[in-house]
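Per-entry structural report
Residues per chain, in single letters:
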Amino acid sequence: MSSGSLPTFSADSHGQRPLSPNMIPMLASLIVVTVVFTSCSRSSAQIAKSGPTMVARLTPENWNDLVPRGKEVDAIYGDIVLRNELITAVIANPASTRNANMTVKSVGGCLIDLAVNDAASDQLSAFYPGRRVFRFEDGVSVGSHGKSVTLGGVTATASTSELTIQSRGGGSQPDCVVKYSIEGGKPYVKISSTWTNTSDKEIKLTLEDDLRADGGKEDMPKVPNGTHELFWFQDIHWQQAYGVSAPGYTIRCNSNARESVLSYEAVDGRDMILKPGASFEFVRHVYVAKDLPLVLAMHEEESGRGANHRNVTLVVQDHQAKPVTGARVELKVNGHSRGIAVSDQEGKIQTALPTGDGLAEVSLAGLNFASSKFRIEDTTSNIPIKLDEYTPGTAMITVTDAEGRSIPAKVEFDGSGDTQTPNWGPETAEHFVRNLAYTPDGKVQATLASGTYDLIISHGPEYDAEFTKLQVDAGKTSEVQVKLSRVVNTTGWVSADFHSHSSPSGDNTGSQLGRVLNLAAEHVEFAPCTEHNRISTYVDHIQSQNLGAFLSTVSGMELTGSPLPLNHQNAFPLIYKPRTQDGGAPTPDGSPETQVERLAAWDNNSEKLIQQNHPDIGWLFYDKDGNQEPDTGYSRSFEHINVMEIHPIDPILDLGPLDSRNGKPFGNSRMFNWLQLLNQGFRIYGVVNTDSHYNFHGSGGLRLWLKSSTDDPAEIDSDEMKSVSRAGNIIMSNGPFIEFTLADSAKPDDVRIAGQDLAASSGKLNARIKVQTPNWFDIDTVFVLVNGRKRDDLTFTRDTHPDMFTTSTVKFDQTLSFPVESDAHVIVVTGHRTELLGDVQGPAWGAQHPAALSNPVFVDVDGDGFKASKDTLDHPLPVKFVAK
């Protein structure tokens, strides 16, 4: 047998009934078989089994059968799975390089995924035994033991599968062995740590663990900070709950939005002193269930306090006794809260509760309803929870284009008058996010409380939006059919967003499927997948929602190193290696120069688009050490950067050296500093991207238009998108669409677009400028920047030149002639100086002024190639911004 293979252990359980939590026998004896294999193994798909449990190393062959579901799943090939008939746990391969994601690091040997089998929705980032003090890199042992027993006339195989990892101590650090085990019929992972003092002095042990479960934008209540018998947290929307207990100990917990530190205190108050040569074992149970009431019941049963528990089914019904789906029910029994459960498609909640007097407090889509009392007796089974005051109706929304073809769309529901606005789910959600519905196929069905709603139905800024009323009556279906016209003609250009994130990035918990729905609903036609420090893909989500006709993608990443916030670069295309560490991505670095060189060289020096993300331009280009004195900057980076983010975009309408927020200096204005940069001879093109992390109006608020040989998203070639972007054929916008061509007046048909060079020996230019908008915002100004300077003779507003502007979709369509005395780069800007984008784009993006600008056309007047002006625009070149 090779060191990398896992033999098969079997205990014949054919035809036997799996154990439930109420069928847990005591085993009189165990037969133990153990095998050791190296942590770097890539073994074949062999599984160790014993009755209803198993242990296996993840391989391509067994992946689909073993990996749990959930947006926080971080398993890769080489990790180890423990499973029984109730739950599945994944332990990260104990390697020094094993990270779950950008912010959940050094997880080798840690519990990283844990979910129930019949409703898997992993929400655990990592459970670190020993609070990251011990590094587990010394190999793995696995084992399985089992015995047939008869319980109540039913024969079953009780068995245990286990995984053991080690950390070598030294000096004042004891050796540590951690064993993960899972037993048939038990809803928890047992984690035991055994410390051995190999020194000649006493060691005082500190019993601590910590875990990551990010709750920032989630509906994730946690047990209050303080001392408890059971630590727990629950994600209500994603319907998975967890508990940690340590028999014989209380748990003092200290949690924030991301991390929980668990300190264990012996019930008898003793300190744990480990004498030389002595060993000590400490045991924890980590529970998982669909909801908190089940976690509490499981823990109490395991603790011997479940004798008065009864399995019950609560049925949530409306006033007509119809089932209510998705109701959140907070359960109280005998005055004590048992947590929140959510009703299923049949309105049912199946749980276990103590006998006694119960109270159900129900909310639905953010609306609270009256409490319902019930009593749990020994014979209780079904309990109706009737919402007599809940009088729902059904909304059926159908969205098509002008030709009647179904299209993705965003539908916003706002309560009108006394009608409350619904709140279906957190900003991490997918099809229903707060009061938004994202539909991939133009169809939305929503159950709503009776009342009147204002609807905003949209599909990005190439389409008119629909603003209408919806009347919902109790027990009835209200239908709304909407046709959205594509009024903005963008032939030859496709819309794009080069920068967005979801949960695999590690700095947020947004669903990646939700991100794809958001992009498609906002009519973004090309979107590279750009998670932090991980190559990933949107392809499976696009296919699952049948969005291939609307959204094209390619694998890429954002490489995020230090110093922050400077050292961020996006790149595409990159080769995605699924189910491997970081998807096969390069590692970040502490030097922006080394990091971007590594990114450029990745995939055998393949040609890729490299984007500098949200830079402090002064720091990057002129003040490497940040001492406020100009220097050469991170100069090794410059040749590799193709494009650079220069948002926020609307400061271009009132250009100055500093951006501002609420009247206070915010930092070096990237827009202004970029214009200075162009004047110094840097040909790095501008881009604006949402950098969206969550799904509530996340994507769509900024976008690019890229020159394209096709207008069909299904036919978009990612290599072409890379090439036109490297060439600067890019329009930047938060809504308005600019068409801009430039020609020598002596050769008016020989036109150039953004990013291109123009020889204009006549010294006189023709600029064709056309601006289009849909019905939900306007523009009132157009101006031309020549070498970054706004010229009075090339500035046009509705006030000063009313005849140049219209109220139709084409707001401005003019050919301008003007002279240039020397080489110049020419940029066109449009926007609205006072009005905002408004409600279609939500509260954050909607607070922007409509704005768009082209990338420059580079004009050579004297025939010896374009030469930069070196103009600093009346301000010194920037250095690192330091807030005063």
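Keep in mind that this is a model prediction, so the values were computed, not measured. Sequence order sets the numbering: in each chain, residues are counted from 1 along the sequence as written. The model is predicted, so local features are restricted to residues of pLDDT at least 70 and side-chain atom pairs to those at 80 or more, both for listing and for counting; the totals for chains, interfaces and linings are taken over all residues. The basis for every side-chain value is the complete set of heavy atoms in the structure, and neither hydrogens nor water enter the calculation.

**A closer look at the overall build of the protein**
Basically, it comes down to this: By definition, any uninterrupted DSSP run of H or I lasting at least four residues is a helix, any uninterrupted run of E lasting at least two residues is a strand, and each is numbered from the N terminus. Computation of the radius of gyration draws on C-alpha atoms, with the globule rule given as 2.2 Å multiplied by the number of residues to the power 0.38. Relative accessible area decides the class of each residue, using a 1.4 Å probe on protein chains only: under 20% of the type maximum gives buried, over 50% gives exposed, and in between gives partly exposed. A contact between two residues is defined here by any heavy atoms of the two lying within 4.5 Å. Reported accessibility uses the Shrake-Rupley method at a 1.4 Å probe radius. Residues are deemed covered only where the shown protein chains occlude them. Counted as positive: Lys and Arg. Counted as negative: Asp and Glu. His and the chain ends are not counted at all. Note on charges: their place is set at NZ of Lys, CZ of Arg, CG of Asp or CD of Glu.
When its secondary structure is counted, the protein shows 9 helices and 55 strands. For a compact globule of 884 residues, the expected C-alpha radius of gyration is about 29 Å, and the protein comes in at 31 Å, within 12% of that figure. Taken across its 884 residues, the protein has 60% of its residues classed as buried. Here the contacts in the protein between residues at least 6 apart in sequence split such that 69% fall between residues at least 24 apart. When the accessible surface of the protein is split by element, carbon and sulfur atoms take 47% of a total near 33,900 Å². Charged side chains in the protein number 77 positive and 109 negative. The centres of these two groups are separated by 4 Å.

**With respect to the pairing of strand β40 (residues 609-612)**
Every regular strand shows the same layout, with side chains that alternate between the two sheet faces. Note the threshold: Between any two strands, at least two bridges found by DSSP are needed for them to pair. Crossovers are described as right-handed under a simple rule: with the strands pointing away from the observer, the path leading from the first strand over the helix to the second runs clockwise.
Of the two faces of β40, both are covered, the one formed by L609 and Q611 as well as the one formed by I610 and Q612. Bridge count between strand β39 (residues 568-572) and β40: 4 bridges; the pairing is antiparallel. Opposite A571, over in β40, you have I610 as the bridge partner. Crossover connection from β40 via helix α6 (residues 617-622) to parallel strand β41 (residues 643-645): handedness right-handed.

**With respect to unusual backbone geometry**
Of note, the bond from L564 into P565 is cis; its omega dihedral lies within 30 degrees of zero at 5°. Tracing the chain through its elements places P565 in the loop between β38 (557-560) and β39. A cis amide bond, omega 10°, links H647 with the succeeding residue P648. Here P648 lies in the loop between β41 and β42 (658-661). Look at D603: it is not a glycine, yet its phi comes out positive at around 55°. Along the chain, D603 falls in helix α5 (residues 592-605). If you check the backbone angles, D691 has positive phi at about 50° while not being a glycine.

**Observations regarding the packing of aromatic side chains**
Filter applied, for reference: To pair, rings of Phe, Tyr and Trp, with the six-membered ring standing in for Trp, must have centres within 6.5 Å; the planes then decide the type, stacked if under 30 degrees apart, edge-to-face if over 60, and tilted in the middle.
Under the definition given, this model contains 24 aromatic pairs. Residues W424 and F432 carry aromatic rings whose centres are separated by 5.0 Å and whose planes lie at 65° to one another, so their mutual orientation is edge-to-face. Taking relative accessible area as the criterion, W424 reaches 18% and is therefore assigned buried. For F432, a relative accessible area of 26% corresponds to the partly exposed category. Measuring from centroid to centroid gives 6.4 Å for F621 and Y622, while their planes differ by 50°, and the two rings are tilted. Grouping residues by exposure puts F621 and Y622 together as buried.

**A closer look at the sheet that holds strand β49 (residues 764-772)**
Keep this limit in mind: Orientation is described by lines fitted to C-alpha atoms, with helices fitted over the stretch in contact, and by angles between N-to-C directions that extend from 0 to 180 degrees.
Pairing is antiparallel across the open sheet formed by 3 strands, whose spatial order is β47-β49-β52. Each edge of the sheet is formed by a strand with only one pairing partner; in this case those strands are β47 (737-744) and β52 (810-819). Between one strand axis and the next, the sheet turns by 10° as a mean value, whatever way the strands run. In this sheet, β52 lies alongside β49 in antiparallel orientation, the contact comprising 9 bridges.

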